[in-house]
Amino acid sequence: MLKLLTLSSVFFCSLLCAQELVIENAYIPQPPPGSPASAYLLLKNSGPLKTLIDVDSAQAGMAMIHQTVVVDGVAKMKHVDAIDIPPNGQVQFAPGGTHIMLMRLSSPLQVGDEVSITLIFANQQKQEIRVPVKARQ
Ligand SMILES: [Cu+2]
């Protein structure tokens, strides 16, 4: 199994921000030209319940939390309004499951690029992460 490098995240937090939420193994497989990109990561919460309600990126015209669901044998993606990260728990964003969808990219993503994504939580706290683009496996 591919061992992914741990992302060194950059945090832009409000006053209330404690480093309770750690993002690991964030990556974006390089999308084919003209296609949207998907970001995958592991969210680890060492504090109380956190609820992710939105995502944003200056490098995408639209960013959304998506979930892949299989309906009648066909994989489809649907928008997710909120993702709970339980107290002292974790949520994995992974291919075939929950992911961050980046649509209408401002420029084609190259391997080695970093995409800045802002995670927005129900308490209005925001956390910005930089997610590296990796070669598609
Ligand atoms: Cu999607």
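Above this text sits the structure in question.
To start, this report covers the structure provided alongside it. (Residues numbered from 1 in each chain as written. Predicted model: local features only at pLDDT ≥ 70, side-chain atom pairs only at ≥ 80, totals over all residues.)

## Here's the deal with the overall build of the chain
Logical step 1: The helix and strand inventory of the chain stands at zero helices and ten strands.
Logical step 2: Burial status across the chain gives 22% buried among its 137 residues.
Logical step 3: Residue pairs in contact within the chain that sit at least 24 positions apart in sequence constitute 65% of those at least 6 positions apart. (Helix = DSSP H or I, 4+ residues; strand = E, 2+ residues; numbered from the N terminus. Buried ≥ 20, exposed ≤ 12 C-beta atoms within 10 Å, placed from the backbone. Contact = placed C-beta atoms within 7 Å.)

## Quick word on the environment of Gly-34
Logical step 1: Tracing the sequence through the fold places Gly-34 in the loop between strand S1 (21–29) and strand S2 (37–45).
Logical step 2: Gly-34 gets classed as exposed once you count the C-beta atoms within 10 Å, which come to 7.
Logical step 3: For Gly-34 and Met-103, which are 69 residues apart along the polypeptide, the C-alpha to C-alpha distance reads 9.5 Å.

## Points about the nonpolar core
Logical step 1: Core analysis: the largest hydrophobic core is formed by 25 residues, its most contacted members being Ala-39, Ile-100 and Ile-117.
Logical step 2: Looking at this core, the elements that each hand over two or more residues are S1, S2, strand S3 (50–56), strand S4 (60–71), strand S8 (98–105), strand S9 (114–121) and strand S10 (126–134).
Logical step 3: The element best represented in this core is S2, accounting for five residues. (Core = buried A, V, L, I, M, F, W, Y, C linked by C-beta atoms within 7 Å.)

## Let's talk about the pairing of S1
Logical step 1: Sheet analysis places S1 next to S2, joined by five bridges and oriented antiparallel. Note on S2: the bridge partner recorded for Val-22 is Lys-44.
Logical step 2: With two bridges connecting them, S1 and S10 associate as parallel partners. Along S10, the bridge assignment pairs Ile-28 with Val-133. (Pairing = 2+ DSSP bridges.)

## Examining unusual backbone geometry
Logical step 1: We note that Asp-72 has phi near 50°; this positive angle belongs to a residue other than glycine.
Logical step 2: Backbone geometry at Asn-88 places phi at a positive 55°, although glycine is not the residue there.
Logical step 3: Assignment of secondary structure puts Asn-88 in the loop between strand S6 (83–85) and strand S7 (90–93).
Logical step 4: For Asn-88, a count of 12 C-beta atoms within 10 Å puts it in the exposed group.

## Structural notes on the pairing of S4
Logical step 1: Looking at chain direction, S4 and S8 are connected through seven bridges and run antiparallel. Residue pairing in the sheet places Met-64 in a bridge with Met-101 of S8.
Logical step 2: Of the strand pairs in this sheet, S4 and strand S5 (residues 74–79) are connected by six bridges, and their pairing is antiparallel. Across the sheet, Val-71 pairs through a bridge with Val-74, a residue of S5.
Logical step 3: Between S4 and S5, which pair antiparallel one after the other, the connecting turn spans two residues, and Asp-72 there sits at a positive phi close to 50°.

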